[in-house]
Amino acid sequence: MKFEKIVSEKRLVKKSLICFLWMLFFSQVVLSQSSISRSVPAKGIHTVKGLFQYCKTKLVATDGQEIKISGKVQINEGENDDAFFIDTQVSNGTVFLSTNIKNFDQLPRSIYAEHNGQTYFFDVDGNYHEKLEKIRKQMGTDEIEKFSEMPLFHIELVVEVPRNMILDVESRFEDVELANFNNRLKVFTQKGIIRARFDKKLPNGDVELKSSFNMVEVTLPDRVSVNVEMRTQFGSLNSEFEIDQNSTRSSSSKHSKLITGTINGGGTNLVVESTHKD
């Protein structure tokens, strides 16, 4: 985990907090795609809870009066796009959003392997070990970095949310990106990167950003006032911000590291964590 400086086009200095962790992921080449669109009136809504599976999600803060979902879906070169679905429910001032791929385990599967940064696709028969051995022979090497068998998918969503709403979001298997929300914020990913940006100030409520098997990156204004807790397992902690030495508490073991303290006198509570869970 570390802070980095970022200079915008207007030459305003920003800094980033990054939590690094080894992870496994892959990307696919996008061929044919299907478009999706959905909207929910925001009147009477104060909280958005989301469970996003198999899709990269960009959360956009707006001044509008609707929660809008749009994006592109590609599953198995367009053959199974209709397997992706979005569910929306409203209850007691909260919108519940969820996505999934129906019958994921029954969809046609492709085999891919990676070597020296290149991805290769194969059509071979047999059990797992037989397939792996055939692929090694075809590639002429035993040094295969990644090997998997699953449907090919590439799904990207843009979720527009009024900036003053509370956000509680979980993503499985893909990344989450967000910027400039004003209220309490909680994001958790499994195997996905979290990228959060606050150009002028942090939200009025607590911010909690946690990822399992990946990294968290938070971009903050240079003069931000924040209480920070940085925690990682199997990763590293660094900062370009000056963390108040009088308030700092740090600990480290073989695989775990923790830093807590204040920046510019303290303010909003910011928790950033990257952990390795079995």
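Just above, that's the structure.
These figures come from a predicted structure and were not determined experimentally. (Residues numbered from 1 in each chain as written. Predicted model: local features only at pLDDT ≥ 70, side-chain atom pairs only at ≥ 80, totals over all residues. Heavy atoms only, no water.)

1. A look at the nonpolar core
What tends to happen in soluble globular proteins is that the nonpolar side chains get buried as a cluster. Counting residues in each nonpolar core, the largest one holds 54 residues, and the members touching the most others are Ile-67, Ile-75, Phe-84, Ile-101 and Leu-209. What Phe-84 contacts, discounting residues up to four positions off in sequence, is Ile-36, Gln-53, Cys-55, Val-73, Ile-75, Thr-99, Asn-100, Ile-101, Ile-155 and Leu-157. Within the second largest apolar cluster, eight residues are counted, among which are Ile-111, Ala-113, Phe-122 and Phe-147. (Core = buried A, V, L, I, M, F, W, Y, C linked by side-chain atoms within 4.5 Å. Buried < 20%, exposed > 50% of the residue type's maximum accessible area, 1.4 Å probe, protein only. Contact = heavy atoms within 4.5 Å.)

2. Observations concerning the side chain of Asp-175
Of note, Asp-175 is situated in the loop between strand S13 (166-172) and strand S14 (176-179). Within the buried core, Asp-175 has no salt-bridge partner, and the shortest N-O distance to an opposite charge, that of Arg-195, equals 4.3 Å. Polar side-chain contacts of Asp-175 include one of 2.8 Å to the backbone nitrogen of Ile-193. In this structure Asp-175 touches Cys-55, Lys-56, Thr-57, Gly-192, Ile-193 and Arg-195, once residues within four positions along its chain are discounted. (Helix = DSSP H or I, 4+ residues; strand = E, 2+ residues; numbered from the N terminus. Lys, Arg positive; Asp, Glu negative; His and termini not counted. Salt bridge = Lys/Arg side-chain N within 4 Å of Asp/Glu carboxyl O. Polar contact = N/O pair within 3.5 Å; in protein donor to acceptor, adjacent residues only side chain to side chain.)

3. Remarks on unusual backbone geometry
With a phi angle near 50 degrees, Asn-76 is a residue other than glycine that sits in the positive phi range. Summarising the element assignment, Asn-76 is placed in the loop between strand S6 (66-75) and strand S7 (84-91). Given the relative accessible area of 9%, Asn-76 is considered buried. Backbone geometry at Asn-92 places phi at a positive 50 degrees, although glycine is not the residue there. Within the secondary structure layout, Asn-92 lies in the loop between S7 and strand S8 (94-101). Given the relative accessible area of 72%, Asn-92 is considered exposed.

4. With respect to the sheet that holds strand S9 (residues 110-115)
Spatial strand order, S10-S9-S11: three strands in an open sheet with antiparallel pairing. Either end of the sheet is taken by a strand with one partner, and the two such strands are strand S10 (118-122) and strand S11 (146-150). Each adjacent strand pair in this sheet contributes to an overall mean axis angle of 20 degrees, direction not counted. (Pairing = 2+ DSSP bridges. Axes fitted to C-alpha atoms, helices over the stretch in contact; angles between N-to-C directions.)

5. A word on helix H1 (residues 128-139)
Its 12 residues place the ends of H1 16 Å apart at the C-alpha level, agreeing with the 16 Å of an ideal helix rising 1.5 Å per residue. Among the residues of H1, those classed as buried are Lys-131, Leu-132, Ile-135 and Met-139. Viewed end-on, H1 has its buried residues packed into an arc of 100 degrees, placing them on one side of the element. The outward face of H1, more than 90 degrees from its buried face, is lined by the exposed residues His-129 and Lys-137. For H1, the elements touching its buried residues are S9, S10 and S11. Backbone nitrogen of Glu-130 and a side-chain oxygen of the N-cap are separated by 2.8 Å at the start of H1; the cap is Asn-127. Just downstream of H1 lies Gly-140, where phi reads positive at about 70 degrees. (Expected span 1.5 Å × (residues − 1). Arc of directions from axis to C-beta.)

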